[in-house]
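# Residue-level structural notes
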Amino acid sequence: MVQSTAYNNTGIFYYKYPGILFLILICSVFLSCNNNKSHGIPVTSGKRPIPANAWSAPDSGKIPKDKTGDMIRYGKELLAHTAKYFGPKGSIAQLSNGMNCQNCHLEGGSRLFANNYAGVLANYPKMSYRSGKIQPLSGRISDCFKRSLAGKVPDTNGTEVRAMMAYINWIGQGVKKGKKLFGTATEKLVFLKTPADPEKGKAVFVSKCKVCHGVNGEGILAEDKITYTYPPLWGDHSYNNGAGMYRIGNLAGFVKNNMPFGATYKSPQLTNEEAWNVAAFINSQPRPRYDQRNDWKDLKNKPIDFPFGPYADNFSEMQHKYGPFKPMQVVQR
C-alpha cells in the first residue's frame, strides 16, 4: 500500500510508494517496504514481458488548467490522502479507518495489476453481482468506504465524491466498453494444488513485510498521526471482512505484482506460492466485521474464494477461504 508524500498549493503532486496495501490491498495492499539492498530481499529470477498494447495511464501533467481540471486534481488528492479528509481525524468528516483509497489503488489508480481505474469510465454503471443491482460509480465508491475503509459513506452528491469520480473518469479516458485490457484489477494467479498455508505465509510476512507493516500488522503512522506511511494489514484500522482484499485470490494477485517495495509485474519478488501463503496469513488475522447477509443473493455468481457461506456447491467454508480452488473451478464449469 502506498501513501503520497507531498501536495502543494499549485495542485502538483509528487508521490512516493513505500509499501503494500493491502500486503496490502489488500495485499496487498494489501512485504518488506524499504529498498532491496538494505533488507537483502531476493528477487525472483527472470523478468516477465509486458505486452506492447498494455494500458497506460494518461499523463497527469495534461489535466486541464481550468475548473474541470481543478476537480480532477482535487479528486486525485482525495484518493491519495483519504484519511486526511475522512479518517479518524479527518478535516471534512470522520468516516473511515485511516487508510487511503490509494493503499489499494496504487499510484493514483494508474499501476498495472494494482486495482487501477483503467476500465471504470467505460464500464460504469454496471451490474454488481454482489448486490444483484446495477451500480453507478458513486455506489462503487460507497462500497469502498463501507468495506475497504471499514467506515461510513460520504455524501455521494457532495463535492468530494464528485471530485473522486472526475479523476477516476479522467484516468480511464479513451478506453472503450468491452475492450480487454492487460493489467487491470489484480493478476489471477495459477491455483495451488494444496490449500494456501497461513503458517508458511507468516514466515514470509516476518522476513519481508513486518519491517513496514509492523510485527502485529498495525502499520506505521506518519508524523502527522493522521495518515499511515505504511498501512495496517489487519486490526481495527484495516479493511474489513467484506472488502475485496479479503478474498485471498485478489490479495495474492495484488501482492505478487506490488510487494515487497520495488516489485512489479515485470520483476516480481515473490513466488506464486509465497504470494498465496502470505495472503492466507494476512487474511487469517482479526479485522473489523461487515454485515454481508444481503450479499450474493444468486449463489451461482459468488466467487469461489469468497470465505463465507452459503455456497452453491458442497465444498467447505475453509476450502473456499484457502483452497485448493481447482476442484471448485471444475464443478463450476
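The preceding data block contains the structure.
Here's a quick rundown of the structure. (Residues numbered from 1 in each chain as written. Predicted model: local features only at pLDDT ≥ 70, side-chain atom pairs only at ≥ 80, totals over all residues. Heavy atoms only, no water.)

The next point concerns the overall build of the protein chain. Counting secondary structure elements, the protein chain contains 13 helices and 6 strands. For the protein chain, the accessible area works out to roughly 15500 Å², and carbon and sulfur atoms hold 53% of it. (Helix = DSSP H or I, 4+ residues; strand = E, 2+ residues; numbered from the N terminus. Areas by Shrake-Rupley, 256 points an atom, 1.4 Å probe, with all protein chains shown as cover.)

A separate point is unusual backbone geometry. The peptide bond linking G309 to P310 adopts the cis configuration, its omega dihedral lying at 5 degrees. Mapped onto the elements of the fold, P310 is located in the loop between α11 (272–283) and α12 (317–322). Residues other than glycine seldom take positive phi values, yet F113 does so here, at roughly 55 degrees. Looking at the element boundaries, F113 is found in the loop between α4 (106–109) and α5 (120–123). Exposure remark for F113: the relative accessible area of 9% places this residue in the buried category. One non-glycine residue with positive phi stands out, namely A150, at about 45 degrees. (Buried < 20%, exposed > 50% of the residue type's maximum accessible area, 1.4 Å probe, protein only.)

On to the packing of helix α10 (residues 248–258) against α11. Relative placement of two packed helices is described by the angle separating their axes and the distance separating the axes. The geometry of α10 relative to α11 is characterised by a closest axis approach of 8 Å and an angle of 125 degrees between their N-to-C directions. Between α10 and α11, the angle falls in the class oblique. Handedness of the α10/α11 crossing: right-handed. Residues I248, G249, L251, A252, V255 and K256 of α10 form the contact with α11, whose participating residues are N272, A275, W276, V278, A279, A280, I282 and N283. When grouped by side-chain class, the residues that make up the contact of α10 with α11 number 10 nonpolar, 3 polar and 1 charged. (Axes fitted to C-alpha atoms, helices over the stretch in contact; angles between N-to-C directions. Parallel < 35°, antiparallel > 145°, perpendicular 65-115°, else oblique. Left-handed = near helix turned anticlockwise from the far one by under 90°. Contact = heavy atoms within 4.5 Å. Nonpolar A, V, L, I, M, F, W, Y, C, P; charged D, E, K, R; others polar.)

Before going further, it helps to examine the nonpolar core. I248, W276 and I282 are the most contacted members of the largest nonpolar core, which has 36 residues in total. Elements represented by at least two residues in this core include exactly α8 (198–208), α10 and α11. By residue number, the principal contributor to this core is α11, which donates 7 residues. Apart from the residues lying within four places of it in its own chain, the contact partners of I248 are A196, W276, A279, A280, N283, D305, K321, Y322 and F325. Core analysis: the next-biggest nonpolar cluster, separate from the first, contains 30 residues, I141, F145, A163 and M165 among them. (Core = buried A, V, L, I, M, F, W, Y, C linked by side-chain atoms within 4.5 Å.)

Throughout the structure, instances matching the rule amount to 12 salt bridges. The salt bridge partner of E77 is K84, with a shortest N-O separation of 3.8 Å. Judged by its relative accessible area of 0%, E77 falls in the buried class. Here R293 ties to D291 by a salt bridge, and the two come within 2.6 Å at their closest N and O atoms. Of the residues examined, R293 reaches a relative accessible area of 67% and is grouped as exposed. Given the relative accessible area of 46%, D291 is considered partly exposed. Among the ionic contacts, a cluster of salt bridges with common partners joins R130, D143, K146, R147 and D295. (Salt bridge = Lys/Arg side-chain N within 4 Å of Asp/Glu carboxyl O.)

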